[in-house]
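Coordinate inspection notes
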Amino acid sequence: MIDLIRVGGRVVNDDVTPVGLLPPDSPYLTHDPKRDFFFDDPQLISTEVVLPDLRNSPLVGTRVCDVSGPR
């Protein structure tokens, strides 16, 4: 999917619970496909923005390069 985003483009996912609110036995503490997508690919610089209600947080990523380009 990252290949569909041009360098400088952004991708947003707004359906995320902040890590601090996850229960201790949540499987998302060890493997979260949404966070993995945003934070494990070197083509993206990403952040999680915890909203003022402290119960929701979107993930926002900016594509900074293609696979062969500089980071």
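Structure shown above.
The structure reproduced in this document is the subject of the present report. Only a predicted model underlies this, so the values are computations on that prediction, with no experimental measurement involved. (Residues numbered from 1 in each chain as written. Predicted model: local features only at pLDDT ≥ 70, side-chain atom pairs only at ≥ 80, totals over all residues. Heavy atoms only, no water.)

Quick notes on the overall build of the chain
Selection rule: Each helix is a run of H or I in the DSSP string that is no shorter than four residues. Each strand is a run of E no shorter than two, and both are numbered from the N terminus. Only protein chains enter the accessibility calculation, which uses a 1.4 Å probe; a residue whose area is less than 20% of its type maximum is buried, one above 50% is exposed, and one in between is partly exposed.
Regarding its fold elements, the chain presents 1 helix and 3 strands. Of the regular secondary structure in the chain, the N- to C-terminal order runs β-α-β-β. Overall size of the chain, expressed as C-alpha extent along the three principal axes, is 40 × 25 × 20 Å. A buried classification covers 30% of the 71 residues belonging to the chain.

Comments concerning the pattern of salt bridges
Inclusion rule: Between Lys or Arg on one side and Asp or Glu on the other, a salt bridge is scored when a side-chain nitrogen of the former is within 4 Å of a carboxyl oxygen of the latter.
If you walk through the whole model with that rule in mind, you get 3 salt bridges. Across the pair Lys34 and Asp15 runs a salt bridge whose closest N-O atoms are separated by 3.6 Å. Placement of the pair is Lys34 in helix α1 (residues 33–39) and Asp15 in the loop between β1 (10–13) and α1, with a sequence separation of 19 residues. On the basis of relative accessible area, Asp15 is assigned to the exposed category, the value being 56%. Here the salt bridges do not stand alone but share partners, grouping Asp32, Arg35 and Glu48 into one network.

Considerations on the nonpolar core
Basically, it comes down to this: Buried Ala, Val, Leu, Ile, Met, Phe, Trp, Tyr and Cys residues form a nonpolar core when they are joined through side-chain atoms within 4.5 Å. By definition in these notes, contact holds between two residues if any of their heavy atoms fall within 4.5 Å.
By size, the foremost hydrophobic cluster in this structure holds 7 residues: Ile2, Ile5, Val11, Val16, Phe38, Leu44 and Leu59. Setting aside residues no more than four positions away along its own chain, Ile2 makes contact with Phe37, Asp41, Gln43, Leu44 and Arg63.

A look at the environment of Asp66
Turning to its location among the elements, Asp66 is positioned in the segment after β3 (59–63). Among residues more than four places away in sequence, those in contact with Asp66 are Val7 and Gln43.

Considering the packing of aromatic side chains
So the rule is basically this: Each Phe, Tyr or Trp ring, with Trp reduced to its six-membered ring, pairs with another whose centre is within 6.5 Å; inter-plane angles below 30 degrees give stacked pairs, above 60 give edge-to-face pairs, and intermediate values give tilted ones.
Inspection of every chain in the model, using the stated rule, returns 1 aromatic pair. Aromatic pair Phe37 and Phe38: ring centres 5.3 Å apart, planes at 80°, arrangement edge-to-face. The exposure class of Phe38 is buried, given its relative accessible area of 3%.

Considerations on the sheet that holds strand β2 (residues 44–48)
Threshold: Here the rule is simple: two strands pair whenever DSSP picks up at least two bridges between them. Geometry is summarised by axes, namely lines fitted to C-alpha atoms with helices restricted to the contacting stretch, and by angles between N-to-C directions that run from 0 to 180 degrees.
A sheet is described by the order of its strands in space; here 3 strands give the open sequence β1-β3-β2, paired in antiparallel fashion. At either margin of the open sheet sits one strand with a lone partner, and together these are β1 and β2. With strand direction ignored, the average angle separating the axes of adjacent strands in the sheet is 15°. Direction of pairing for β2 relative to β3: antiparallel, over a ladder of 5 bridges. Residue pairing across strands places Ile45 opposite Thr62, the latter belonging to β3.

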